[in-house]
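Each chain, letter by letter, is given below.
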Amino acid sequence: MRILPDQTILEALQCPICKSKMELSPNGASLFCFGGRKHCYDFSSGGYVNLMPPGHTDGGDAKQAVRARRDFLNLDLYRPAAEALCDAVCRFVEPKGSRLIDAGCGEGYYTVKLAENGYSVAGVDLSRAAADLAARKAAREGLPYAFFSVSSVFALPFLDQSADVVVNVFAPCAEGEFSRVLRSGGILAVMYAGPTHLMGLKQALYAQTKENDGRADLPTGMKQLEETRICFDITVSGQENLQNLFAMTPYYWKTSPADGEKLKQLDTLNTPIDMIVAIYQKQ
Ligand SMILES: C[S@@+](CC[C@H](N)C(=O)[O-])C[C@H]1O[C@@H](n2cnc3c(N)ncnc32)[C@H](O)[C@@H]1O
Ligand SMILES: [Zn+2]
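Rules used in this analysis
Residues numbered from 1 in each chain as written. Chains lettered and ligands numbered in written order. Predicted model: local features only at pLDDT ≥ 70, side-chain atom pairs only at ≥ 80, totals over all residues. Heavy atoms only, no water. Helix = DSSP H or I, 4+ residues; strand = E, 2+ residues; numbered from the N terminus. Buried < 20%, exposed > 50% of the residue type's maximum accessible area, 1.4 Å probe, protein only. Contact = heavy atoms within 4.5 Å. Pairing = 2+ DSSP bridges. Axes fitted to C-alpha atoms, helices over the stretch in contact; angles between N-to-C directions. Near = heavy atom within 4 Å. Polar contact = N/O pair within 3.5 Å; in protein donor to acceptor, adjacent residues only side chain to side chain. Areas by Shrake-Rupley, 256 points an atom, 1.4 Å probe, with all protein chains shown as cover. Phe/Tyr/Trp six-rings, centres within 6.5 Å; stacked < 30°, edge-to-face > 60°. Salt bridge = Lys/Arg side-chain N within 4 Å of Asp/Glu carboxyl O. Arc of directions from axis to C-beta.

Participant: What should I look at first to understand the overall build of the protein in this one?
Facilitator: Assigned secondary structure in the protein consists of 10 helices and 11 strands. Its C-alpha atoms give the protein principal-axis dimensions of roughly 60 × 40 × 30 Å. Each of the 283 residues in the protein was classed as buried or not, and the buried ones make up 55%. Across the protein, contacts joining residues at least 24 apart in sequence account for 70% of those joining residues at least 6 apart.

Structure representation (structure tokens):
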């Protein structure tokens, strides 16, 4: 069964070409610009909508990386991080009736958990493979409604001041665009790697390691309300799971074949998980 778009989300959609409001076609198969119906976007069989301009080539993460991340996240080893994110967001914005955009949602791991807390959710990702898996996951997990589109975080398909919450997890942070779509007093939650995140993986790969640098693209024009650091250890067992973890990190592309070989010798890996959830408010 295809996931159905939430009415609360539908009311906030903006045509990426002419910037008009959008509406659902009577048969539910497409979105049209409000009134003139100049632009039409069909839902895919998986239930997402591609809202990128015509002629745009596929961007974002490749299918292989997206599948690796889906399989790793399905182990639910990151559950404490997801719970911390949901707790932080729920502390600031009541879920019921609130519109939440997950900007750079990947395969919807965090989007679905936020929806389970009661938010009306829209997941946005530049990768078609990611939007497809996210829409299928939401349907499979029995969410009644959610909305997933292929769009850039730098050009969100939502009206000005239409969102109560924007969530941004390990994805590019587009402060200007997030600020445009957030209502006054709305919340931006950014989750990113802390200093020791995945240190165990790095130590397995490299002779020398250093702690992660901070993020360079964090908001500067919004008020920071809270910053929480979430630290716990995970044990990843089995080559397939280890390779999936490796493939969803930036190290996958930077590691020499000789260093990559070291991971293939392992059966089990212990590593710290270190994430920061920073909450900002649009003034
Ligand atoms: C590291 S993944 C994180 C995915 C998800 N938030 C999670 O933590 O499971 C980064 C995601 O950002 C997406 N992405 C990269 N650039 C983007 C952009 N300009 N607009 C939207 N998504 C983008 C990628 O396709 C990828 O799915
Ligand atoms: Zn239009």
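Participant: Help me understand the sheet that holds strand β3 (residues 40-42) in this model?
Facilitator: Pairing between sheet strands relies on hydrogen bonds along the backbone, with the strands arranged either parallel or antiparallel. What the three strands build is an open sheet, ordered β1-β2-β3; its pairing is antiparallel. In this open sheet, the two strands that pair with only one neighbour each are β1 (22-24) and β3. Along the sheet, successive strands turn relative to each other by an average axial angle of 25 degrees, direction set aside. Where strand β2 (residues 30-33) lies against β3, three bridges are found, and the strand directions are antiparallel. Considered in β3, the bridge of Phe 32 is made with Cys 40.

Participant: Just to check I follow, could you spell out helix α4 (residues 109-116) for this structure?
Facilitator: Turn by turn, an α-helix covers 3.6 residues, leaving residues three or four places apart pointing in a common direction. Burial analysis of α4 places seven of its eight residues in the buried class, the great majority of the element. Where α4 is concerned, the buried positions are Tyr 109, Tyr 110, Thr 111, Val 112, Lys 113, Leu 114 and Ala 115. Positive backbone phi, approximately 115 degrees, marks Gly 118, located one or two places after α4.

Participant: Which parts of the structure should I look at to understand the environment of Gly 214?
Facilitator: Mapped onto the elements of the fold, Gly 214 is located in the loop between α7 (199-205) and β10 (223-237). On a C-alpha basis, the gap between Gly 214 and Tyr 192 in space is 8.7 Å, while along the polypeptide they are 22 residues apart.

Participant: What is the right way to look at the site of ligand 1 in this model?
Facilitator: Around ligand 1, a shell composed of 19 residues is seen, among which Asp 61, Gly 104, Asp 125, Val 153 and Val 169 lie nearest. Backbone polar atom of Leu 126 to a nitrogen atom of ligand 1: 3.2 Å apart, as the coordinates give it. Within the backbone of Val 169, one N or O atom sits 2.9 Å away from a nitrogen atom of ligand 1. Here ligand 1 loses 87% of its free accessible area of 600 Å² to cover by the protein chains.

Participant: How should the packing of aromatic side chains be read in this particular structure?
Facilitator: Any aromatic ring pair is given by two values, namely how distant the centres are and how the planes are angled relative to each other. Applying the stated criterion across every chain, the model contains six aromatic pairs. Consider the rings of Phe 43 and Phe 147, whose centres lie 6.4 Å apart with planes at 90 degrees: the pair is edge-to-face. Separated by 104 residues along the polypeptide, Phe 43 in the loop between β3 and β4 (49-50) and Phe 147 in strand β7 (residues 147-150) bring together distant segments of the chain. Like Phe 43, the residue Phe 147 is buried in the burial classification. A centroid spacing of 5.2 Å and a plane angle of 75 degrees characterise the contact between Phe 246 and Tyr 252, whose relative ring orientation is edge-to-face. Judged by relative accessible area, Tyr 252 falls into the partly exposed class, the value being 27%.

Participant: Explanation requested: the pattern of salt bridges in the structure shown.
Facilitator: A pair can form between side chains of opposite charge whenever their charged atoms are brought close. One pass over the structure, following the stated rule, counts 18 salt bridges. Here Asp 71 makes a salt bridge to Arg 70, at a shortest N to O gap of 2.8 Å. Overall, the relative accessible area of 28% leaves Asp 71 in the partly exposed class. In this structure, Arg 183 and Asp 164 form a salt bridge, with 2.7 Å as the shortest nitrogen-oxygen distance. Placement of Arg 183 in strand β9 (residues 182-193) and of Asp 164 in strand β8 (residues 163-169) is noted, with a sequence separation of 19 residues between them.

Participant: Would you mind showing me how to read the side chain of Arg 69 here?
Facilitator: With respect to the secondary-structure elements, Arg 69 resides in helix α2 (residues 63-73). Residue Arg 69 is classed as buried on the basis of its relative accessible area of 16%. Apart from residues lying up to four places away in sequence, Arg 69 is in contact with Asp 61, Gly 106, Glu 107 and Met 248.

Participant: Honestly, the sheet that holds β7 in this entry has me stumped. Any pointers?
Facilitator: Overall, mixed pairing links the eight strands, which are arranged β4-β7-β6-β5-β8-β9-β11-β10 in an open sheet. A single partner strand is all that each edge strand has here, and the edge strands are β4 and β10. Bridge analysis of strand β6 (residues 120-125) against β7 gives four bridges, and the strand direction is parallel. Bridge pairing in β7 places Gly 123 opposite Phe 148. Of the strands in this sheet, β4, β6 and β7 touch helix α5 (residues 128-140), which is tilted by about 170 degrees from β7.

Participant: How do you make sense of helix α10 (residues 257-264) when you look at a structure like this?
Facilitator: Within α10, the full set of buried residues consists of Asp 259, Gly 260 and Leu 263. Around the axis of α10, the buried residues are gathered within 100 degrees of arc, so they sit on the same side. Residues of α10 that are exposed and point over 90 degrees away from its buried face: Pro 257 and Ala 258. Looking at the buried residues of α10, the elements they touch are α7 and α8 (239-247).

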